[in-house]
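In case you want the letters, here they are:
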Amino acid sequence: AVEDTTAVANMIFDYLSNLLGGDFVQSGLDKLLNEAAMKCPHSPSYSQNFPGLKYDELILSEKSEDSYGFLIAIIAVIAVFVVVVAVIFSATRWASRRRHNRWVNTLNTRQKLELERMQTGENEREKDLDSRMSSLIRSKEVPLLFRLFIPIVIIG
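Fair warning: this is a prediction, and the values are worked out from it, not measured in the lab. (Residues numbered from 1 in each chain as written. Predicted model: local features only at pLDDT ≥ 70, side-chain atom pairs only at ≥ 80, totals over all residues. Heavy atoms only, no water.)

Draft legend 1. Structural context of the pattern of salt bridges. Within this structure, the stated rule accounts for three salt bridges. Between Glu35 and Lys39 there is a salt bridge whose closest N-O contact spans 3.5 Å. Highlighted residues: Glu35 and Lys39, both in helix H2 (residues 23-39), separated by four residues, approximately one helical turn. Here Asp128 ties to Arg132 by a salt bridge, and the two come within 3.1 Å at their closest N and O atoms. Of this pair, Asp128 and Arg132 are both found in helix H4 (residues 109-132), four residues apart, which corresponds to roughly one turn of the helix. (Salt bridge = Lys/Arg side-chain N within 4 Å of Asp/Glu carboxyl O. Helix = DSSP H or I, 4+ residues; strand = E, 2+ residues; numbered from the N terminus.)

Okay, structure coming up:
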């Protein structure tokens, strides 16, 4: 299984590197570099009213059917994975709600009122905390790099 996963990952990286390393991206970078000197005020070839260079239309080589098939296969695998995760999530949530409703139905009226009072108190405490605190991403005390990087570290 590890070897298959590694092979698929390598195929994906090869596919993406072919897309990024192709003529389209290279041509765009070449155009930017050719025009850079004429747009830079520190260059001797600077022109304040530089309209831009005119280029011939780029003729892209046609991709083989294998690359499109591989892309479709990747999309299909990701779509199936998302559907499976959604079904598992929905089934778990449904079972949890059903179990909770069964439990609530076993309580008498006094216990239900006590449960409601406890939930109301907890909701009020949460609202109080939410009003006095800000999230990590909005915090002024934590540097931006850490605010963006910490969630990635936690998830990873």
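Right, picking up where we left off after that structure.
Draft legend 2. Spatial organisation of H4. In this model, H4 (24 residues) spans 35 Å end to end at C-alpha, consistent with the 34 Å of a helix rising 1.5 Å per residue. Among the residues of H4, the N-terminal cap falls to Asn108, whose side-chain oxygen and the backbone nitrogen of Arg110 are separated by 3.2 Å. (Expected span 1.5 Å × (residues − 1). Polar contact = N/O pair within 3.5 Å; in protein donor to acceptor, adjacent residues only side chain to side chain.)

Draft legend 3. Highlighting the side chain of Ser139. Checked against the element boundaries, Ser139 lands in the loop between H4 and helix H5 (144-155). What Ser139 contacts, discounting residues up to four positions off in sequence, is Ser134 and Arg147. (Contact = heavy atoms within 4.5 Å.)

Draft legend 4. Quick peek at the side chain of Glu35. Given a relative accessible area of 11%, Glu35 falls into the buried group. What Glu35 contacts, discounting residues up to four positions off in sequence, is Phe50, Gly52, Leu53 and Tyr55. (Buried < 20%, exposed > 50% of the residue type's maximum accessible area, 1.4 Å probe, protein only.)

Draft legend 5. Region of the structure containing a nonpolar patch on the surface. A cluster of nonpolar side chains, Ile78, Phe81, Val82 and Val85, forms an exposed patch at the surface whose accessible area comes to about 390 Å². Relative to the helices and strands, Val85 is located in helix H3 (residues 65-106). (Patch = residues over 30% accessible without salt bridge, like charges linked within 9 Å, V, L, I, M, F, W, Y side chains within 5 Å. Areas by Shrake-Rupley, 256 points an atom, 1.4 Å probe, with all protein chains shown as cover.)

Draft legend 6. The environment of Pro51, seen in detail. Examined against the element boundaries, Pro51 turns out to sit in the loop between H2 and H3. Spatially, the C-alpha atom of Pro51 lies 9.6 Å from that of Lys39, the residues being 12 residues apart in sequence.

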